[in-house]
Amino acid sequence: MLIDHFPLVGLRLTTPRLELRLPDAEELAALADTAADGVHDPAYMPFRIRWTELPPAERARSVVLHHWSLLGQWTPRSWKLPFTVFRDGVPVGVQLLKAVDLAVTAECSTASWLGHRHQRQGIGAEMRAAVAHLAFTHLGATELASSAFTDNAGSLGVSAKLGYAPDGIERHEDQGRLRVIHRLRLTRQAWLERVRPEVTVEGVAPCLELFGLDGVSDAHRPHPSA
């Protein structure tokens, strides 16, 4: 069975409204359709890589190819996990969790997108809270990094709600003009001090080797009650 060779297909995060997991083929197609329907107002670009400017059919295909590419490049030292986010069984977006040398750095980073018609409903905060729980509770992370353009009120609002603190800025050229990114950082201590949605994690133990944590003792993996 596939799960015997790639146990990440059995990893599942559940919150009061959402389920985060890898999609099957038809669910990936439905996720691509969500992207084709629109991810944000065309007048504003929230992403450094301007993939959402592609025509709808090409945008949908890019979601499929990017998903496969991330899994195909996976190594325990450097990985990017593209959770599909489901609400009532419908794919509504992607919540990415990534890390390099996690066993040493104890740091993960996030990125995400959410279908336009699913925004402004608190889903963005709930799905990022889910991967924060995975990182801090099961993967031994002590810090979680994120970033957003200074005018991306939605992403910055999610970060503020979850307790992220400023971590400097980056200055980037975008089509001949300056755009500034706010870097943000959430510590495990700050996360513990916040009211958090309940998150259930299934299937993580067989995945630890793929996360580069094989041989890391449970004593070095903090738990919420610590």
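Residues numbered from 1 in each chain as written. Predicted model: local features only at pLDDT ≥ 70, side-chain atom pairs only at ≥ 80, totals over all residues. Heavy atoms only, no water.

Attention now moves to the nonpolar core. One finds Leu11, Trp79, Leu139 and Phe211 to be the most contacted residues of the largest nonpolar core, which totals 50 residues. Here the element with the most residues in this core is helix H5 (residues 123–138); it accounts for 10 residues. Counting residues in hydrophobic clusters, the runner-up holds 13 residues, among them Val39, Met45, Ala60 and Trp113. (Core = buried A, V, L, I, M, F, W, Y, C linked by side-chain atoms within 4.5 Å. Buried < 20%, exposed > 50% of the residue type's maximum accessible area, 1.4 Å probe, protein only. Helix = DSSP H or I, 4+ residues; strand = E, 2+ residues; numbered from the N terminus.)

In the Ramachandran plot, Ala106 falls in the positive-phi region, its phi being about 55 degrees despite a non-glycine side chain. Among the secondary structure elements, Ala106 is positioned in the loop between helix H4 (102–105) and strand S5 (107–114). Positioned with a positive phi, Arg120 is a non-glycine residue whose angle comes to about 60 degrees. If you trace the backbone, Arg120 turns up in the loop between S5 and H5.

The next point concerns the sheet that holds strand S9 (residues 200–202). Read from one edge of the open sheet, 9 strands run S7-S8-S6-S5-S4-S3-S2-S1-S9, paired in mixed fashion. Each edge of the sheet is formed by a strand with only one pairing partner; in this case those strands are strand S7 (165–174) and S9. The sheet shows a mean angle of 25 degrees between the axes of neighbouring strands, taken without regard to direction. Pairing between strand S3 (residues 78–87) and strand S4 (residues 90–100): 10 bridges, direction antiparallel. (Pairing = 2+ DSSP bridges. Axes fitted to C-alpha atoms, helices over the stretch in contact; angles between N-to-C directions.)

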